[in-house]
Each structure stands twice: as structure tokens, then as C-alpha cells.
Amino acid sequence: MRLKLVNIKEIATYDPDSDSVSRVEKQELLITDGKITAIGSNLGQANTEIDCQNCLVTPGFVDPHTHPVFWQGREIEFARRIAGATYQEIAAEGGGIRSSIAGVRKADYQELRQAVKNRLNRFLNLGTTTIEAKSGYGLSTESELKSLEILADLNEDHSIDIMPTFMGAHAFPAEYADDPDQYVDLLCEEMIPAVARQGIARYCDVFCENGYFSVAQSRRILEAGSQAGLIPRLHADEFEDSGAAELAAEMKAVSADHLMAVSGEGMNAMAKAGVIATLLPGTTFFLGQHNYAPARELIDRGITIALATDFNPGSCHIQSMPFIISLACLQLKMTIEEAFTAATYNSARAIGMEAKIGSLTVGKQADVIIWGIKNLMEIPYNVTDIPIRNVIKSGQPVFRLD
Ligand code: NIG
Ligand code: FE
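Residues numbered from 1 in each chain as written. Chains lettered and ligands numbered in written order. Predicted model: local features only at pLDDT ≥ 70, side-chain atom pairs only at ≥ 80, totals over all residues. Heavy atoms only, no water.

1. What to know about the domain arrangement of the chain
The assigned domain composition of the chain is domain 1 (2-59 + 358-400) and domain 2 (61-349). The centre of domain 1, based on its C-alpha atoms, is set 30 Å off from the matching centre of domain 2. Listed per partner, the contact involves 27 residues of domain 1 and 23 residues of domain 2. Regarding the contact of domain 1 and domain 2, the summed buried area is about 2100 Å², with carbon and sulfur atoms giving 76% of it. Three residues, Tyr14, Pro380 and Lys393, lead the burial of domain 1 against domain 2; their summed loss comes to 24% of the area buried on that side. Inspection of the region where domain 1 meets domain 2 yields one salt bridge. Of the charged contacts, one joins Asp161 and Lys393 as a salt bridge, the two residues approaching to 2.9 Å between their closest N and O atoms. Here domain 1 is connected to domain 2 by six residue pairs in polar contact (both at pLDDT 80 or more). When residues of the side of domain 1 that touches domain 2 are traced back to their parent elements, those giving at least two are strand E1 (2-15), strand E5 (48-59), strand E14 (368-371), helix H15 (378-381), strand E15 (388-393) and strand E16 (396-400). Here the side of domain 1 that touches domain 2 is built from residues that sort into 18 nonpolar, six polar and three charged. (Domains from an automatic or database assignment. Contact = heavy atoms within 4.5 Å. Buried area = accessible area lost by both parts, 1.4 Å probe. Salt bridge = Lys/Arg side-chain N within 4 Å of Asp/Glu carboxyl O. Polar contact = N/O pair within 3.5 Å; in protein donor to acceptor, adjacent residues only side chain to side chain. Helix = DSSP H or I, 4+ residues; strand = E, 2+ residues; numbered from the N terminus. Nonpolar A, V, L, I, M, F, W, Y, C, P; charged D, E, K, R; others polar.)

2. Considerations on the site of ligand 1
Close to ligand 1 lie 15 residues, the nearest being Tyr87, Tyr137, Glu238, Asp310 and Ser315. In the environment of ligand 1, an oxygen atom lies 2.8 Å from a nitrogen or oxygen atom belonging to the side chain of Arg74. The separation between an oxygen atom of ligand 1 and a polar side-chain atom of His235 is 3.0 Å. When the free accessible area of ligand 1 is taken as 320 Å², the share hidden by the protein chains comes to 100%. Of the residues belonging to the shell around ligand 1, the class tally is four nonpolar, eight polar and three charged. (Near = heavy atom within 4 Å. Areas by Shrake-Rupley, 256 points an atom, 1.4 Å probe, with all protein chains shown as cover.)

Following this line, the structure appears as C-alpha cells:
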């Protein structure tokens, strides 16, 4: 099965060989059995041709930090925040992550699966062809296993590829409020072994933050996860510096995420250990805050930056990677090329998938966006208008605007 993309104005992709963004004009792209087999001119016959209408072609976006397994939205918190309450105040009053738990625990499997599936459709229509997705709104063994099972089920059934993460350490459920260490025991002694036996999750993530999991508790959980074969990653220093970035370095986490309040020492430790910084400017924006992560300082230290949405019902109800690219340019002061690389190739690195996805390179899986704009520069320029015409996943057209 050969599919050829013709009449392309510009192919924009990070190029791992030259370590730069390449933008070539007037080339064709050939896909054979789901993989990119040639980029060039006069590529010969194919079974099907798609006319790109003299527009831009890029790789599909990779979103390496999402929380799509929740039951209901928390728009009420958005209204409270614009009236002056902070995320932490709302959480302290019983809102926040804890208020999402009952819904996931009670939800019928099929109904929750359908809710997540609808969110995956939206990701795909916005050009995201692979996501990392976390459990973490059940916070009991049974409901965490159910959340991961839904992700595995949808990974089979839906075109989007899902990299699953166990995040039982997202908050302390109310029944453990008086003895948080007992919940850490449950995580290490019961939940992580059960998740490992279930065999779905690839990563283990912890919300390491003052008021949530301490560095010592996070270390214990990530170590138990590592012993069970789950690779560590971390929500680190989102609101306050708690030494989480240093822990990410110590644990050789693949990625430390958020980092709005990361310290110089934390950044130095990450640089030394080669931890990727996954930045989530959508969260800062959605919370109505202004203390964006210090992207330029991270880049100056040689740290690789990935971008993600952090899509979740509370702190960031945003699924659009093009919008995240705009925010990265405007607020993180990243160049368009840096932001585009961070949303494709570097985000694939943040989930260990860069050999297979994240760039338009011969031999890679054909995850491709065909745009309604002419060149790369127009992606952040369009901000919330997402001019995508077609999305191709593993060589199959999965979205078409008409
Ligand atoms: O990444 N920071 C921790 N977890 C989420 C928030 C989840 C929620 O509020 O429901 C985040 O921002
Ligand atoms: Fe998150």
C-alpha cells in the first residue's frame, strides 16, 4: 500500500542528523505500509495520492503529559479562580484533584471509556498523533487499574498511540488525609505491585510538591516503581521549589515536568543527569498566573525542552499543541523552531519514542499533519485557529476537514 502526498508547499520537520529544523519546498512524501519511505521529487506511482493544495506538511504532534482519564470537568474551579481563589486554596477546601476521585471510582467502565475516547478524538483532530496519558483520578487500587485498562483498551481501538503512566501518587485521597504515609505504604506495597502485574503502565509519576508528596515520599514511590519495572518521571516544582528537580536528577527520571518554581541548583542537577524538562505553559496560562517556567535558563544549561498540554480537568483544560507552541513562543521566549522541535521530536524523546516518531524521516512511522497554511511560521501566528486539513496516523488518513 503506497500513499503519496503531492503538491506540498513546505515540509517542516526537526532533522535529527543536522540537529536543526529543516524546511524544504516542493517535495513529495511517499508512505509505504504505514512508514515514510521517501521524501523528494518524482517519487513514482502510488495507490493513492493526496493533493496537499500547496500547503504545509509536518509531523503529528506528540503530547508527553496528559491526564485524560477523568469523569467530569471542574469548570466551577475556573470560575472561582477568576474570582480570586488560588489553585491551592481550592484544593485545601476539598476541590482540586480530590474532587475528581468519586466520579472515576463510581463511573461505569464503558461510560468512562467513551468519555476518554471523545477526548482522544479531539486530540487527533488537533494534530496530536501520540500522547502520554496518566491514571491518577481514582487513587484506589481498583480504580487506578480500571483507568489504566481503559487506556490500554483505547490504545488498541483508537488510532492515537498512548504511552500509559501510573500516577496513583497524584494526591492523598480523603481517607488518608490524617496519615499520608499510610497511603504511600499502600502505593508501594499494594498498588505498584498490582499495576506491574497488570502489565500496562510503562512509567510511574509522582506530584512532588509542598502540600502533596514530599521528596522523601516521592523517592520511596519512584524506587518502588523502578523495582517493579516502571520508569520514573516527575511533576516537579510547579508552585514552589521543593527540591523535586534534584530528585528527578537523582532518580534519573526521563523527564521533570512543570518547573515553574525550579531553582538554579535543580536546573544544574537536571543538566548533569540529562533529565528532559517538559514544560506546560498552558497550565500557567489556564491558572491565570504569570510565573512561566524559565525556559531560556534551562536551554542555556543545555537541557532538552519538551512541550506538553497537561490536559486535565482542573489546572489546564487545553488539548491543542499548536496553542501550546504559541504560548511557548510568547511566554517562554522560545523561538518558533525551538517550540516546534519541543512539540514533536523532543516530546517523542520525553516518552522514549524518538526512534519511531517525532520527525518526518525515512523509516519512521508516517504520522503526518497536512495543514491549510503555507509554512511553519504560521502555526504560532494562528494561535487558537488550528488550520489543519488532514491528519495521517501510521499511513492512514484519520481526520479530514471538509
Ligand atoms: O499537572 N499538578 C498536578 N496535577 C495536575 C493537576 C490536576 C488537577 O488539578 O486535576 C497538573 O497540573
Ligand atoms: Fe500534570
